[in-house]
Amino acid sequence: ELKVEQNPLFLSMQEGKNYTIYCNYSTTSDRLYWYRQDPGKSLESLFVLLSNGAVKQEGRLMASLDTKARLSTLHITAAVHDLSATYFCAVDTLWQGAQKLVFGQGTRLTINP
Amino acid sequence: NAGVTQTPKFQVLKTGQSMTLQCAQDMNHEYMSWYRQDPGMGLRLIHYSVGAGITDQGEVPNGYNVSRSTTEDFPLRLLSAAPSQTSVYFCASSYDFSYEQYFGPGTRLTVT
């Protein structure tokens, strides 16, 4: 059964610092998603990574995928307070003939001024 | 486009009551699904549908029923609510099972 693990689960950092969130998964998959969730809100899609070596960047966030290592990273550069949120990775798997997203536990990121 | 809409936003039920969570999308997406979100556990798939008239169970289907009579609507029914069903429920849709999913705003359900 596919398992997705994120670390760290909680991260408190100062503005201006860099940090990386890791997402490991247990079986083969070629698609990985990163979502952002603000408190009490829905999930907002950040990145869709479709192949080995894929790298996508949006502002201060950069995501990458290594399917051989079954690892994705979400790198935050020069963090700002507005990036405080919970970040989820999700791995796409075929299950009973249909798509199932398996989510990591989420990383709660707090950025302090 | 309104995207994916869900009603109600909040609901409190007593144990044993039944209710239906509504989900609708106006993007002509074939694939729709229901997830529940519990603290520290990410989201888990309850039921999904690959098109009108076709539904199937996800990983945590017990206590829930679904139907898909139209492309637009995918209601989730709680047959006899239990405190273990206290959760936040998200509906999602995508063009096809291999495409990115779009999530609705969620329904926060409390069962007492």
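*Asks:* Quick question: what am I supposed to make of the sheet that holds strand S8 (residues 71-76) of chain A here?
*Replies:* Residue and element names in this part refer to chain A. Taken in spatial order, the five strands make up an open sheet running S1-S3-S8-S7-S6, and their pairing is antiparallel. Unpaired on one side and paired on the other, strand S1 (4-7) and strand S6 (55-58) mark the two borders of the sheet. Shown here is a sheet whose adjacent strand axes are inclined to one another by a mean of 15°, direction ignored. Relative to strand S3 (residues 19-25), S1 runs antiparallel, the two sharing four bridges. Within S3, the position partnered with Gln6 by the bridge is Cys23.

*Asks:* Help me understand the side chain of B:His29 in this model?
*Replies:* All names here are of chain B. Relative to the helices and strands, His29 is located in the loop between strand S3 (19-25) and strand S4 (31-37). Within the local environment of His29, its side chain forms a polar contact with the backbone nitrogen of Ser94, the two atoms lying 3.4 Å apart. For His29, the contacting residues outside a window of four places in its chain are Arg68, Thr71, Ser93, Ser94, Tyr95 and Tyr102.

*Asks:* What exactly am I supposed to notice about the interface of chain B and chain A here?
*Replies:* Reports often express the size of an interface as the amount of accessible area lost when the parts come together. Each side of the interface is counted separately: chain B has 25 residues, and chain A has 22 residues. Taken together, the connections running from chain B to chain A amount to zero salt bridges. Counting every contact that joins chain B to chain A gives four residue pairs in polar contact (both at pLDDT 80 or more). Among the secondary structure elements, those contributing two or more residues to the side of chain B that touches chain A are S4, strand S5 (43-51), strand S6 (54-57) and strand S9 (87-94) of chain B. Examining the composition of the side of chain B that touches chain A, we find that four residues originate from one element, S5(B), more than from any other. Across the side of chain B that touches chain A, the residue classes break down as twelve nonpolar, nine polar and four charged.

*Asks:* Help me understand the sheet that holds strand S8 (residues 76-78) of chain B in this model?
*Replies:* Within a sheet, adjacent strands bond to each other through the backbone by hydrogen bonds, running parallel or antiparallel. All names here are of chain B. Across the sheet, four strands lie side by side as S1-S3-S8-S7; this open sheet has antiparallel pairing. Since the sheet does not close on itself, it has two edges, and those belong to strand S1 (4-7) and strand S7 (64-66), each with one partner. Across the sheet, the mean angle from the axis of one strand to that of its neighbour is 20°, orientation sign disregarded. Strand direction decides the pairing type here: S3 and S8, joined by three bridges, are antiparallel.

*Asks:* Quick question: what am I supposed to make of the nonpolar core here?
*Replies:* For soluble globular proteins, nonpolar side chains are generally found buried alongside one another. Residue and element names in this part refer to chain A. Grouped together as the largest cluster of nonpolar side chains are 26 residues, with contacts concentrated most on Val4, Leu32, Trp34, Leu74 and Tyr87. Put simply, the parts of the chain that give this core at least two residues each are strand S2 (10-14), S3, strand S4 (32-37), strand S5 (43-49), strand S7 (61-66), S8, strand S9 (85-95) and strand S11 (107-112). Among the elements that make up this core, the one with the highest residue count is S9 (four residues). Look past the residues within four positions of Leu74 in its chain and what remains in contact with it is Tyr19, Thr20, Ile21, Trp34, Phe47, Leu61, Met62, Ala63 and Tyr87.

*Asks:* Sorry, what's going on with the pairing of S3(A) here?
*Replies:* With six bridges connecting them, S3(A) and S8(A) associate as antiparallel partners. Its bridge partner being in S8(A), A:Tyr22 is matched across the sheet by A:Thr73.

*Asks:* Can you walk me through the pairing of S5(B) in this structure?
*Replies:* Successive residues of a regular strand alternate their side chains across the two faces of the sheet. Residue and element names in this part refer to chain B. Along S5, seven of the nine residues are buried, which leaves the element largely enclosed by surrounding structure. Relative to S5, S4 is paired through six bridges, and the arrangement is antiparallel. Residue Ser33 lies in a different strand from S5, and its bridge partner there is Tyr48. Counted along the chain from S4 to the antiparallel partner S5, the turn is five residues long, and its residue Gly40 has a positive phi close to 75°. Bridge analysis of S5 against S6 gives three bridges, and the strand direction is antiparallel. The residue bridging Gly51 from the neighbouring strand is Ile54, located in S6.

*Asks:* Hey, could you run me through the pattern of salt bridges in this one?
*Replies:* When charged atoms on two side chains of opposite charge get close, those side chains can pair. All names here are of chain B. The full count for this structure, using the stated rule, is four salt bridges over all chains. Measuring nitrogen to oxygen at the nearest pair gives 2.9 Å for the salt bridge that ties Asp38 to Arg36. Of the two residues examined, Asp38 and Arg36, each falls in the buried class. Ionic pairing is found between Asp38 and Arg44, a salt bridge with its closest N-O pair at 2.8 Å. Through salt bridges with shared partners, a single network forms among Arg36, Asp38 and Arg44.

Cut-offs and rules
Residues numbered from 1 in each chain as written. Chains lettered and ligands numbered in written order. Predicted model: local features only at pLDDT ≥ 70, side-chain atom pairs only at ≥ 80, totals over all residues. Heavy atoms only, no water. Pairing = 2+ DSSP bridges. Helix = DSSP H or I, 4+ residues; strand = E, 2+ residues; numbered from the N terminus. Axes fitted to C-alpha atoms, helices over the stretch in contact; angles between N-to-C directions. Polar contact = N/O pair within 3.5 Å; in protein donor to acceptor, adjacent residues only side chain to side chain. Contact = heavy atoms within 4.5 Å. Salt bridge = Lys/Arg side-chain N within 4 Å of Asp/Glu carboxyl O. Nonpolar A, V, L, I, M, F, W, Y, C, P; charged D, E, K, R; others polar. Core = buried A, V, L, I, M, F, W, Y, C linked by side-chain atoms within 4.5 Å. Buried < 20%, exposed > 50% of the residue type's maximum accessible area, 1.4 Å probe, protein only.

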